[in-house]
Amino acid sequence: MDIRYKDHLKWQSSDNLLFCPPRAYSRMVASENGIILAIGGKKESGHWVNLIDELDLKSTSKKQWVPTKPLNRPQFDFAVCTRKQYIYVVGGCDFSYGNCFNSVEYYDTNSKVWTEIIKTMPTARRWCSAITNNDDLYVFGGKNGADLSTVECYDFAKKNWKQFDPMPICNSTMGVTIIENYIYIIGGVCESQRVFKFDLRHSKWSEMPKTHLKTSYATSSFVNKGNDIFLFVNEGGRIYCEIYDAEKKQWQWAAKAGVCIGTNIVSFNEGTLKSYGIHFK
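Structure report, in brief. Sequence order as written defines residue numbering, which begins from 1 separately in each chain. Restriction of local features to residues with pLDDT of at least 70 applies here, the model being predicted, together with a cutoff of 80 or more for giving and counting side-chain atom pairs; totals for whole chains, interfaces and linings are based on all residues. The side-chain values count all of the structure's non-hydrogen atoms but skip hydrogen atoms and water molecules.

1. Quick word on the packing of aromatic side chains
What counts here: Classification of ring pairs uses Phe, Tyr and Trp, with its six-membered ring standing for Trp, and accepts pairs whose centres are within 6.5 Å; under 30 degrees between planes counts as stacked, over 60 as edge-to-face, and the remaining range as tilted. Counting from the N terminus, the helices are the DSSP runs of H or I reaching at least four residues and the strands are the DSSP runs of E reaching at least two. Burial classes: relative accessible area under 20% of the type maximum marks a residue as buried, over 50% as exposed, and values in between as partly exposed (1.4 Å probe, protein chains only).
Using the criterion set out here, one finds 17 aromatic pairs in the structure. Between Tyr-88 and Phe-156, the aromatic rings sit 5.4 Å apart at their centres with planes inclined by 50°, giving tilted as the arrangement. One end of the pair, Tyr-88, is in strand S6 (residues 86–90); the other, Phe-156, is in the loop between strand S13 (151–155) and strand S14 (160–164), with 68 residues separating them in the sequence. With relative accessibility at 14%, the residue Phe-156 sits in the buried group. Geometrically, the ring pair formed by Tyr-154 and Phe-156 is edge-to-face, given 5.5 Å between the ring centres and 85° between the ring planes. Across the pair, Phe-156 and Tyr-154 agree in class, each one buried. By the ring-pair criterion, three or more aromatic residues cluster together here, those being Tyr-86, Tyr-88, Tyr-106, Tyr-154, Phe-156 and Trp-161.

Written out as structure tokens, the structure is:
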């Protein structure tokens, strides 16, 4: 989809299967330096696995998924986010569903090594949402028995955690994106269409108009263009798109695609892909 002209949005099919992950239900995340990880997922037997594969978009040879080092803690139901060449895995749960984690591990896409942040999160949780901004890692909501409204932030420079005012509601599996000094929390299990905005300068929450689509981060993705937010949702195997028009202060339908496979949605800039030698017809 070319989002330069939002009044004429249209999906186009592609026969490029390069981005298809090697396992079902793996979490895909792309670093700023062109590395994609497919973290965890299920074997054909249906069992969760602590396997990770890497796709290097910068590779000048054949671009393909290759195995890399697994997480230090086997887990799933975690949040993922990126900062520079690092990919972060935040919180999660062990394979027995018995224990929620308060750990944060990060993968250095240069050294191919996983490292755990020494200071753990104050709150253990699964199904949280996480995003980085400059030297801070923000973690929102999640679940540990009950759904949470907790907001915690890790300062990479000071290497410590601090708490902010909680979210207006308890929620988990929210979508999250950032535009300038605002973090947007979209959808989730408890309130799948509500949208909240967190002002980073004043640490204040406000509510925005509801989306038409029901959203959770495992099957959704966001692209920002100026102050507009493009929301993509995989619902029942079909990809839907709606846009938050910042000028009109409302969500509007955009386009629907045909049947797709899997649950992951990862967004890329076409210009960036072309710089890696990847072209779509």
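2. A short note on the side chain of Ser-192
Rules: Only heavy atoms matter for contacts: two residues are in contact if any of them lie within 4.5 Å across the pair.
With respect to the helices and strands, Ser-192 occurs in the loop between strand S16 (182–186) and strand S17 (195–199). Since its relative accessible area comes to 19%, Ser-192 is described here as buried. Aside from chain neighbours lying at most four places away, what touches Ser-192 is Gly-187, Thr-211, Leu-213, Lys-214 and Thr-215.

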